[in-house]
Amino acid sequence: MAHLESVPMFWRRMKSLYSLIGVECLNCGKKYFPPRLICPECGGKEMKDYRFKGTGKVVSYSIIDVPPKGLKYQTPYGLAIVELDEGVRVTGQLVGCNLGEIKAGMRVETTFRKIIAVNKNGVIQYGYKFRPEGYPRINNGEKK
Amino acid sequence: MRNVAVIGVGMTKFGELWDYSLRQIFTMAAIEALEDAGCSNRDIEAFYVGNMSAGLFIGQEHLGALLADNAGLKNIPAMRVEGACASGGLALREAYLTIKAGEYDLVMVGGIEKMSDSPCTEDVTTTLGAAADQEWETFVGLTFPGAYALIAKAHMERYGTTKEQLAMVAVKNHKNGKNNPKAQFRREITIEQVLASGIVADPLSLLDCSPISDGGAAVILASEDMAKKFSDTPVWILGSGQASDTLALHDREDLTSLKATRLAAEKAYTAANMGPKDVNFAEVHDCFTIAEIVATEDLGFFHPGGGGKAVEEGLTEVDGKIPINPSGGLKAKGHPVGATGVAQVVSVVEQLRGEAHKRQVNRAETALTHNVGGSGATAVVHIFSR
Ligand SMILES: [Zn+2]
C-alpha cells in the first residue's frame, strides 16, 4: 500500500515495531501498545515507555490467501491476534511453523523480520512477527 | 422532539456497472427517490451522502457538493459522511438528527460507492483495508476478510459454530437475492459450492464474502408535517442508535461479539420503546457470513452463540421467525460499501409498504437496519414502522 511505503510514517513507528515499545499509564498502571497520549480508562496523561517482553499466546488466527498489495510474495501466511503476557493484544504474522499447526492457545514469541520488502522508496521495512515459543524446534514451512 | 419519516426511496441495480460513473449512478438513485416522494429537486433543504472511499477508488473527493450539483439540488448545504462501510447509515442518522432538532424539514440522504473502476482485486482489498488500523493491522498483513476470519475462528472455537452454518447464511441470502430485481446475484447457490469456492482467509471462502459492487441509493426524510403533505405511506423512524469501538480488532474485549452493535441497538431499542421481539424483520450487515450470525446475536434476536443454529433451523428465512436480509443482504444484493446503509432503508421501506413482491415478509410492520463499519469500530442501528 502506497501510504505504508512512506518513510517518515515507518520511521515514527520504528521503536515500537523493532522493540515492542508501548506505554504504561503512570496513574492507573494500565499498559498500552502502541503508545497512547491519554489513558482511556482513567484519563491519565502521564505515560512512560514500557517494553513488552514479546511472549504470549494466540487468541485467534487465520491463514490469509488473498493479501493486500505488497504482501503477495508471502502468501499464504498465518496471521494471529496474540495476547502478550502483560495482557495487551497485538496482531502479527505467524512464522516458523507449518500453517496447519497453528492453534488457538499456542505459546508464541516475537521475532524480528522483514515485513514489507518491496518498496518504491527502496526501504525494507522490518518489524515483529510471531513464532512458536522456543523456536527453532520446528523449521520447515517457514515464511520469511 | 419531532417525528421523522422516510417518504421517498430510490436505488440503482447493484453490480459491476461499467457503463455508469459514480455521479451518474448516484443521480439515477436520487431521481428515483425524488419521484417516489413526489417532491422536486428544489424542495430539498440539505444533503448528506455516505461514501467510504471515492478518493482511493476513483480519486474523487468532495462528494457532497459534486453529487448535490448533479442531482440538481443547487446551493443547499451538502456534505459527505464517512464511517467505512457504515457511511450510509451514518449519513441517514445525521440527516435524521437535523430534522428531529428542527433545523430542516426535507433532507436527501444518499449512499454511493464505485468500486469496479479499481484496476484489480488487490487494489480493492487494499482500499477496504483502510477501514482497519493501517499502522498496526494492515501493515502486518491483516485484510478485511482476515479480520472477519479472526472473528469467525473465535466464534467457532467458543460456540462450535461450523463452516456449514456460515455457508447457510450465503445460501439463504442468495435465495432471497433471486427475488430482488436490483440484486447483483440472482442465482441460488449450494452449501457445497460455498465450501468449495476457494479460501480467501481461513475459514472464510470466496462465497462467504460480499462482492465488489457499484451502486447508489437515496432516501428522502421529512418532518411529520412535511411527510403528511407529500406522502400517504410514510415510514417512521422510531429509533436511532450509534456507537464506536477501537479501530483495531485486537483491542476489543471480545472477538465473538461487536460491542458497538450492542450499544447502538440498545439506544435504538430504548428510543423506539421496543425490544428485539417487537421487530418483524431486519436488514443486517452481512459483509461476511459470520457477520450476519454475530449480528443476529448482538441485536438480541438469538442468544450469544445461537446464531449459527438459528440459520441452520431456518429461523432467519423470509418465512422464518425473524426474517434476516430478505433483500438478499450485502452478500447477494451487493455491497457498494458507502451505499449499503441507505440501500438497507430502501429495502425496509419497500417491505413496510407491502411492495416487496416475491420477497415480501408477512406482517411487516416493524423493521430494523444494522450497518457496520470496518470490523466493528462503527455500528449504527435504526428501527422503523409503517
Ligand atoms: Zn490510566
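Residues numbered from 1 in each chain as written. Chains lettered and ligands numbered in written order. Predicted model: local features only at pLDDT ≥ 70, side-chain atom pairs only at ≥ 80, totals over all residues. Heavy atoms only, no water.

Right, let's get into the nonpolar core. Residues and elements named next belong to chain B. If you look at the biggest cluster of nonpolar residues, it comprises 92 residues, and the most contacted ones within it are Tyr148, Ile290, Leu299, Phe301 and Leu368. A domain split of this core shows at least three residues from each of domain 1 (4-119 + 212-235) and domain 2 (129-211 + 243-385). Excluding its chain neighbours within four sequence positions, the residues that come into contact with Leu299 are Thr261, Ala265, Tyr269, Pro276, Val284, Leu368, His370 and Val381. By size, the runner-up hydrophobic cluster in this structure holds 37 residues, among which are Val107, Leu221, Val235 and Val380. (Core = buried A, V, L, I, M, F, W, Y, C linked by side-chain atoms within 4.5 Å. Buried < 20%, exposed > 50% of the residue type's maximum accessible area, 1.4 Å probe, protein only. Domains from an automatic or database assignment. Contact = heavy atoms within 4.5 Å.)

On inspection of all chains with the given rule, the structure shows 13 aromatic pairs over all chains. Note on A:Phe33 and A:Tyr128: the rings are 5.8 Å apart at their centroids and 70 degrees apart in plane angle, and the pair reads as edge-to-face. Taken together, the residues A:Phe33 in the loop between β2 (31-32) and β3 (47-51) and A:Tyr128 in strand β8 (residues 125-132) connect sequence positions 95 residues apart. Residue A:Phe33 is classed as buried on the basis of its relative accessible area, which comes to 4%. Given a relative accessible area of 4%, A:Tyr128 falls into the buried group. Ring centres of B:Phe144 and B:Tyr148 lie 5.8 Å apart, and the angle between their planes is 80 degrees; this geometry places the pair in the edge-to-face category. With a gap of four residues between them, B:Phe144 and B:Tyr148 both fall in helix α7 (residues 144-159), about one helical turn apart. (Phe/Tyr/Trp six-rings, centres within 6.5 Å; stacked < 30°, edge-to-face > 60°. Helix = DSSP H or I, 4+ residues; strand = E, 2+ residues; numbered from the N terminus.)

Taken residue by residue, the interface counts 38 residues in chain A and 31 residues in chain B. With both chains or domains summed, chain A and chain B bury close to 3,100 Å², and 65% of this area falls on carbon and sulfur atoms. In this structure, the connection of chain A to chain B is made through one salt bridge. Scanning the region where chain A abuts chain B turns up ten residue pairs in polar contact (both at pLDDT 80 or more). Contributing elements (two or more residues each) for the side of chain A that touches chain B: α1 (7-19), β4 (55-64), β5 (77-84), β6 (89-94), β7 (107-116) and β8 of chain A. Sorting elements by how many residues they give to the side of chain A that touches chain B places β4(A) first, with six residues. Along the lines of polarity and charge, the residues of the side of chain A that touches chain B split into 24 nonpolar, eight polar and six charged. (Buried area = accessible area lost by both parts, 1.4 Å probe. Salt bridge = Lys/Arg side-chain N within 4 Å of Asp/Glu carboxyl O. Polar contact = N/O pair within 3.5 Å; in protein donor to acceptor, adjacent residues only side chain to side chain. Nonpolar A, V, L, I, M, F, W, Y, C, P; charged D, E, K, R; others polar.)

In this section: the coordination of the zinc ion. Six octahedral donors at a metal ideally form angles of 90 or 180 degrees, and four tetrahedral donors ideally form angles of 109.5 degrees. Residue and element names in this part refer to chain A. Every protein donor of the zinc ion is listed here as Cys25 (SG), Cys28 (SG), Cys39 (SG) and Cys42 (SG), and their distances to the metal cover 2.3 to 2.4 Å. One way to put it: the four donor atoms around the zinc ion meet at angles of 99 to 115 degrees, and that makes the site tetrahedral. In primary sequence terms, the donor set of the zinc ion follows C-x2-C-x10-C-x2-C. The exposure class of Cys39 is buried, given its relative accessible area of 1%. (Donors = N, O, S within 2.8 Å, 3.2 Å for Na, K, Ca; no water. Tetrahedral: all angles 85-135°; square planar, octahedral: opposite > 155°, others 65-115°.)

We now examine the packing of α7(B) against helix α12 (residues 289-298) of chain B. Residue and element names in this part refer to chain B. Contact geometry for α7 and α12: axes closest at 9 Å, N-to-C directions at 60 degrees. Put simply, α7 runs oblique to α12. Both α7 and α12 take part in a crossing whose hand is left-handed. Residue-level inspection shows Tyr148, Ile151, Ala152 and His155 of α7 in contact with α12, the latter providing Ile290, Ala291, Ile293, Val294 and Glu297. Of the residues that constitute the contact of α7 with α12, the class distribution is seven nonpolar, one polar and one charged. (Axes fitted to C-alpha atoms, helices over the stretch in contact; angles between N-to-C directions. Parallel < 35°, antiparallel > 145°, perpendicular 65-115°, else oblique. Left-handed = near helix turned anticlockwise from the far one by under 90°.)

The next thing to look at is the sheet that holds strand β4 (residues 106-114) of chain B. Residue and element names in this part refer to chain B. Spatially, nine strands are ordered β3-β2-β4-β7-β1-β8-β11-β10-β9 in an open sheet, and the strand pairing comes out mixed. A single partner strand is all that each edge strand has here, and the edge strands are β3 (78-81) and β9 (281-283). Across the sheet, the mean angle from the axis of one strand to that of its neighbour is 30 degrees, orientation sign disregarded. Judged from the five bridges that link them, strand β2 (residues 46-50) and β4 form a sheet pairing that is parallel. If you follow Val49 over to β4, its bridge partner there is Gly110. (Pairing = 2+ DSSP bridges.)

Glancing now at the confidence of the model for chain B. Looking at chain B, pLDDT values average 97 and 100% of them are 70 or higher. Scored as a whole, the predicted complex attains pTM 0.96, and scored at its interfaces, ipTM 0.94. (pLDDT = per-residue confidence, 0-100.)

So, on to the pairing of strand β1 (residues 4-11) of chain B. Every regular strand shows the same layout, with side chains that alternate between the two sheet faces. Residue and element names in this part refer to chain B. Among the eight residues that make up β1, eight are buried, leaving the element largely enclosed by the rest of the structure. Relative to strand β7 (residues 214-223), β1 is paired through seven bridges, and the arrangement is antiparallel. Its bridge partner lying in β7, Ala5 is registered against Ala222. Here two bridges tie β1 to strand β8 (residues 235-244), and the two strands are oriented antiparallel to one another. Bridge pairing in β8 places Val6 opposite Val235.

Attention now goes to the domain arrangement of chain B. All names here are of chain B. When its domains are assigned, chain B resolves into domain 1 (4-119 + 212-235) and domain 2 (129-211 + 243-385). Here domain 1 and domain 2 have C-alpha centroids that lie 23 Å from each other. Taken together, the 44 residues of domain 1 in the interface contact 34 residues of domain 2. Approximately 2,900 Å² of surface area, both sides summed, lies buried where domain 1 meets domain 2, with 71% of it carried by carbon and sulfur atoms. Looking only at domain 1, the three residues that lose the most surface to domain 2 are Phe14, Cys85 and Val235, adding up to 24% of its buried area. Linking domain 1 to domain 2 there are two salt bridges. Between Asp36 and Arg353 there is a salt bridge, and its shortest N-O distance comes to 2.9 Å. In this assembly, domain 1 and domain 2 are joined by 13 residue pairs in polar contact (both at pLDDT 80 or more). Its residues assigned to classes, the side of domain 1 that touches domain 2 shows 21 nonpolar, 16 polar and seven charged.

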